[in-house]
Amino acid sequence: MDDKLARKLRILADAAKYDASCASSGAPKRKAGADGLGSTTGAGICHAYTPDGRCVSLLKILLTNYCLFDCAYCVNRRSSNVARARFSVEEVVTLTVEFYKRNYIEGLFLSSGIIRSPDYTMEMLTRVAKKLRREHGFRGYIHLKSIPEASPWLIEEAGLYADRLSINLELPTEESLTRLAPEKDGAAIEGAMGQIGERIAQAKEEKRRFSPAGQSTQVIVGADATTDEALIRKSALLYGSYGLRRVYYSAFSPIPDASSALPPQAPPLRREHRLYQADWLIRYYEFSPDDVANAADGGMFALDIDPKLAWALKNRHLFPVDVNRADRTMLLRVPGLGARAVDALIKARRHGRLRLDDVARLTSGLKRARPFLIAEDFRPTTLTDRLDLRAKLAEPAEQLSLF
């Protein structure tokens, strides 16, 4: 690689690090033929660990960090004093192919600043994917960032070559967009999400290929005054309205020469983690947005306990739950019991009454679950009503856990 291309790669890989919405879970499994290149495993990738322990990665870059827009929170805004660079379509294709051949990557995540026009930018992004697929027989994973202001037919073409499309919502309210990103249109962003969602659903019905790994979005946390409750309610609306595969929460990161409209400090990373946990409650634990809102205080999730435990502590009258009799919905609400543990408990109790030791073998979260459940040989009598229960179950400052 020559020095000029290496410099571009250094600048444009660093510029892409703020976009979190790059995992590939849900991509179909496939493998190239004798004349092709690459494969997908269906596992999530982008500097992530798969369930079997493998670490896999994407080439995550911007086509360019030049941008016509001047969003206050973006390090690549047009008024930002940062080093700029731009790849050609051919350079991105070459980097992807050569890195894949060297076993450095398993796919491509490609986004871009807006150059010339949204249509021009979307066309360039699509040309990269089209060249990889058609000219190089590339069968690896491709994630393209869609430009919501681009013509619908351009986004339609992108979905023919990409495994996943994503459009960043950025900020959850029109008011915040108007204040911090006045050149962006919230209605246009959601309109494009709706278009992609309709095409994905239609392609599934017709058994043809269009963004088979679905679509995702990213919301910036802490750049405005939006509460955790409002963020989660917005995410629930996006999941329900547009069939999004994932909403990613990205903690605002202070940038050089920042606008006075932005907070001077980043929000605690644990806030981002709590939002992901609340998001999982809606997606996998049968909680409604109102249930999750009930876990918050003043619209914000506690930092020392996860939202599921916070909900349980506020609804102690529903506990303890009998692991031998309760339905799945109620077992999913027991702190410390994950969805897999609940399914294992339900399967195991068909063969006999479960004791506390049986529960311990099926979950690593027994410490948190113990005050909220009944087993054949265990009833927590006074544990559930203890005034110091929250303090006993709160996480140490350095610990982060997922239920």
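Residues numbered from 1 in each chain as written. Predicted model: local features only at pLDDT ≥ 70, side-chain atom pairs only at ≥ 80, totals over all residues. Heavy atoms only, no water.

An unreviewed UniProt entry lists the chain under the name Putative DNA modification/repair radical SAM protein, with Methylorubrum rhodinum as the source organism. Taken verbatim from the UniProt record of the chain, the Cofactor (unreviewed entry) comment is "[4Fe-4S] cluster". (UniProt positions renumbered as here; feature names shortened; annotations may be inferred.)

Student: Help me understand the overall build of the chain, please; the structure alone is not making it clear to me.
Tutor: Regarding its fold elements, the chain presents 15 helices and 12 strands. The proportion of buried residues among the 403 residues of the chain is 56%. Partitioning the contacts of the chain with sequence separation of at least 6, the portion at a separation of at least 24 is 68%. Element-wise, carbon and sulfur atoms account for 50% of the exposed surface of the chain, whose accessible area totals about 18,300 Å². (Helix = DSSP H or I, 4+ residues; strand = E, 2+ residues; numbered from the N terminus. Buried < 20%, exposed > 50% of the residue type's maximum accessible area, 1.4 Å probe, protein only. Contact = heavy atoms within 4.5 Å. Areas by Shrake-Rupley, 256 points an atom, 1.4 Å probe, with all protein chains shown as cover.)

Student: Would you mind going over the sheet that holds strand S5 (residues 59-62) with me for this structure?
Tutor: Strands in a sheet are paired, the pairing made by backbone hydrogen bonds, and the direction either parallel or antiparallel. A sheet is described by the order of its strands in space; here 6 strands give the open sequence S5-S6-S7-S8-S9-S10, paired in parallel fashion. Each end of this open sheet is capped by a strand with a single partner; those strands are S5 and strand S10 (246-251). Averaged over all neighbouring strand pairs, the angle between strand axes comes to 20 degrees, with direction disregarded. Those strands touched by helix H2 (residues 89-101) are S5 and strand S6 (107-111), and its axis lies near 170 degrees from that of S5. Relative to the sheet, helix H3 (residues 118-136) contacts S6 and strand S7 (141-145), its axis offset from that of S7 by approximately 170 degrees. (Pairing = 2+ DSSP bridges. Axes fitted to C-alpha atoms, helices over the stretch in contact; angles between N-to-C directions.)

Student: Quick question: what am I supposed to make of helix H10 (residues 307-314) here?
Tutor: Each α-helix winds once per 3.6 residues, and so residues spaced three or four apart point in a common direction. The buried fraction of H10 amounts to 7 of the 8 residues, a majority that puts the element mostly inside the structure. Inspection of H10 places Pro-307, Lys-308, Leu-309, Ala-310, Trp-311, Ala-312 and Leu-313 among the buried residues, and these make up the whole buried set. Buried residues in H10 make contact with helix H8 (269-284), helix H9 (289-294) and helix H15 (389-393). A distance of 3.0 Å separates the backbone nitrogen of Lys-308 from a side-chain oxygen at the start of H10, and that oxygen is part of Asp-306. (Polar contact = N/O pair within 3.5 Å; in protein donor to acceptor, adjacent residues only side chain to side chain.)

Student: Would you mind showing me how to read the nonpolar core here?
Tutor: Generally speaking, soluble globular proteins have nonpolar side chains that are buried together. Judged by nonpolar contacts, the single largest core of 114 residues is most densely connected at Tyr-73, Phe-87, Leu-110 and Phe-372. Here this core gathers at least three residues from each of two domains, domain 1 (3-21 + 42-287) and domain 2 (307-393). (Core = buried A, V, L, I, M, F, W, Y, C linked by side-chain atoms within 4.5 Å. Domains from an automatic or database assignment.)

Student: Sorry, what's going on with the side chain of Ser-211 here?
Tutor: Tracing the backbone through its elements, the reader meets Ser-211 in the loop between helix H6 (186-206) and strand S9 (215-221). Within the local environment of Ser-211, its side chain forms a polar contact with the backbone nitrogen of Leu-165, the two atoms lying 3.2 Å apart. There is a polar contact of 2.8 Å between the side chain of Ser-211 and the backbone oxygen of Gly-214. With residues near it in sequence (within four places) discarded, Ser-211 still touches Gly-159, Ala-162, Asp-163, Arg-164, Leu-165 and Ile-200.

Student: What should I look at first to understand the confidence of the model for the chain in this one?
Tutor: It should be kept in mind that the predicted coordinates are not to be read in detail where pLDDT is low. On average, the chain scores 88 in pLDDT, and the residues at 70 or more come to 89%. In this model residues 41-45 is a low-confidence stretch, pLDDT under 50, and it forms 22 contacts with partners more than four residues away in sequence or in other chains. The low-confidence segment residues 48-54 (pLDDT under 50) makes 11 contacts with residues lying over four places distant or belonging to another chain. (pLDDT = per-residue confidence, 0-100.)

Student: I keep staring at the packing of aromatic side chains and nothing clicks. Help me out?
Tutor: Given two aromatic rings, one states the distance between the centres and the angle between the planes to describe the pair. Summed over all chains, the structure comprises 7 aromatic pairs. Both rings, one in Phe-99 and one in Tyr-104, keep their centres 5.5 Å apart while their planes meet at 70 degrees; by these two values the pair is edge-to-face. Taking NZ or CZ as reference, Arg-333 lies 4.3 Å from the ring centre of Phe-287, over its face. One residue, Arg-333, lies across the ring of Trp-311, its end atom 4.9 Å from the ring centre. (Phe/Tyr/Trp six-rings, centres within 6.5 Å; stacked < 30°, edge-to-face > 60°. Lys NZ or Arg CZ within 6 Å of the ring centre and 35° of its normal.)

Student: Honestly, unusual backbone geometry in this entry has me stumped. Any pointers?
Tutor: Of all residues except glycine, most have a negative phi; of all peptide bonds, most are trans. In the segment running from Phe-319 into Pro-320, the intervening peptide bond is cis, with an omega of 0 degrees. Tracing the backbone shows Pro-320 in the loop between H10 and strand S11 (321-322). Here the phi dihedral of Arg-116 falls at roughly 65 degrees; this positive angle occurs in a residue that is not glycine. One non-glycine residue, Glu-170, adopts positive backbone phi at about 70 degrees. Summarising the element assignment, Glu-170 is placed in the loop between strand S8 (164-166) and helix H5 (174-180).

Student: What exactly am I supposed to notice about the pattern of salt bridges here?
Tutor: Pairing between side chains becomes possible if they bear opposite charge and their charged atoms approach one another. Taken as a whole, this structure holds 28 salt bridges when the rule is applied. A salt bridge links Asp-19 to Lys-145; the shortest N-O distance between them is 3.1 Å. Pair noted here: Asp-19 is in the loop between helix H1 (3-15) and strand S1 (30-31) and Lys-145 is in strand S7, with a separation of 126 residues, a long-range link. Classification of Lys-145 as buried rests on a relative accessible area of 5%. Note that Arg-361 is salt-bridged to Asp-358, the shortest N-O span being 2.3 Å. Of the two residues, Arg-361 and Asp-358 are both situated in helix H13 (residues 356-362); the distance of 3 residues between them amounts to about one turn of the helix. You can call Arg-361 exposed: its relative accessible area is 62%. Taken together, the shared-partner salt bridges connect Arg-133, Asp-163 and Arg-209 into one network. (Salt bridge = Lys/Arg side-chain N within 4 Å of Asp/Glu carboxyl O.)

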